[in-house]
Amino acid sequence: PEQISFIRQKEDYSNLRITEIHYHPPDIISGNDTTDGRDLEFIELKNTGRAAINLSGLVLDSAVFHEFPAGLLLVPSQFYVIASKPSYFYDEYGLVASGNYSGNLSNAGEQILLSDPQGEALMNFYFSDDYPWPEEADGDGYSLSSAEANPTGNPGDEEYWTTSWKMGGTPFADNNAAGG
């Protein structure tokens, strides 16, 4: 019998970009109920390329932790949104989060570390809540959103970021009023 062997090429993650961080949502008060803003945090990733990216085994591990499930392909222009509390995320946005992370982001800025299945850093940067970073993302209801729909450059540079055009951010969508 013939033997067929598959050789796995190293995955190209160069078009996987972080496009939104809602790190300091304000508390939501509704009648006598208060939703802690930390329960509405999320991090959004996007495939900005033309080929699917296999996210299987990636690990987000800094102040927050999320291991991407096996068999997960992110097709071009698709988003992957990891929420701190998916049930609260659904209540707020009417959308089902792609994943759930443990821990919470610091309201004063934080390290974001995303590693490949072998433990090599794909993204390792810090964001801040201090000027010249977009200050409206720090508790005023807006998220930190990439300035471009398909960003290039370093997410550790404040020029990479702007404030979401919409209060609460734009999970699963590019940051523009047209929503596309």
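In short, a report on the structure.

Cut-off values and rules
- Residues numbered from 1 in each chain as written.
- Predicted model: local features only at pLDDT ≥ 70, side-chain atom pairs only at ≥ 80, totals over all residues.
- Heavy atoms only, no water.
- Patch = residues over 30% accessible without salt bridge, like charges linked within 9 Å, V, L, I, M, F, W, Y side chains within 5 Å.
- Areas by Shrake-Rupley, 256 points an atom, 1.4 Å probe, with all protein chains shown as cover.
- Salt bridge = Lys/Arg side-chain N within 4 Å of Asp/Glu carboxyl O.
- Lys, Arg positive; Asp, Glu negative; His and termini not counted.
- Charge placed at Lys NZ, Arg CZ, Asp CG, Glu CD.
- Helix = DSSP H or I, 4+ residues; strand = E, 2+ residues; numbered from the N terminus.
- Pairing = 2+ DSSP bridges.
- Axes fitted to C-alpha atoms, helices over the stretch in contact; angles between N-to-C directions.
- Buried < 20%, exposed > 50% of the residue type's maximum accessible area, 1.4 Å probe, protein only.
- Contact = heavy atoms within 4.5 Å.
- Polar contact = N/O pair within 3.5 Å; in protein donor to acceptor, adjacent residues only side chain to side chain.
- Phe/Tyr/Trp six-rings, centres within 6.5 Å; stacked < 30°, edge-to-face > 60°.

What follows is about a negative patch on the surface. A contiguous patch of negative charge on the surface is contributed by D130, E135, E136 and D140. Along the chain, D130 turns up in the loop between β12 (121-128) and β13 (144-146).

Another point: the sheet that holds strand β7 (residues 65-67). Pairing is antiparallel across the open sheet formed by 4 strands, whose spatial order is β7-β6-β11-β12. The open sheet has two free edges, formed respectively by β7 and β12, since each of these has just one partner strand. Looking at each pair of strands side by side, their axes are set apart by 15 degrees on average, direction ignored. By the bridge criterion, 2 bridges tie strand β6 (residues 59-61) to strand β11 (residues 109-115) in an arrangement that is antiparallel. Bridge pairing in β11 links L60 to L114.

In this section: the environment of S62. Mapping S62 onto the fold places it in the loop between β6 and β7. By relative accessible area, S62 is classed as partly exposed at 22%. Dropping the residues within four chain positions of it, S62 is found in contact with Q111, I112 and L113. Polar contacts involving the side chain of S62 include one to the main-chain carbonyl oxygen of Q111, which spans 2.8 Å.

Before going further, it helps to examine the packing of aromatic side chains. Tallying each qualifying case throughout the model produces 7 aromatic pairs. Ring geometry for Y23 and F127: centres 4.7 Å apart, planes at 50 degrees, overall tilted. Here the residue Y23 occupies a position in the loop between β1 (16-22) and β2 (28-30), and F127 occupies one in strand β12, the gap between them amounting to 104 residues. For Y23, a relative accessible area of 0% corresponds to the buried category. The class of F127 is buried, set by a relative accessible area of 3%. Aromatic side chains F42 and Y93 sit 5.8 Å apart centroid to centroid with 90 degrees between the ring planes, which places their arrangement in the edge-to-face category. With F42 in strand β4 (residues 42-47) and Y93 in helix α1 (residues 86-93), this residue pair connects regions lying 51 residues apart in the sequence. Of the residues examined, F42 reaches a relative accessible area of 0% and is grouped as buried.

Our next topic: the pattern of salt bridges. Inspection of every chain in the model, using the stated rule, returns 4 salt bridges. Measuring nitrogen to oxygen at the nearest pair gives 3.9 Å for the salt bridge that ties D39 to K85. Of the two residues, D39 sits in the loop between β3 (33-35) and β4 while K85 sits in the loop between β9 (79-83) and α1, which places them 46 residues apart along the sequence. Assessed through its relative accessible area of 33%, K85 is described here as partly exposed.

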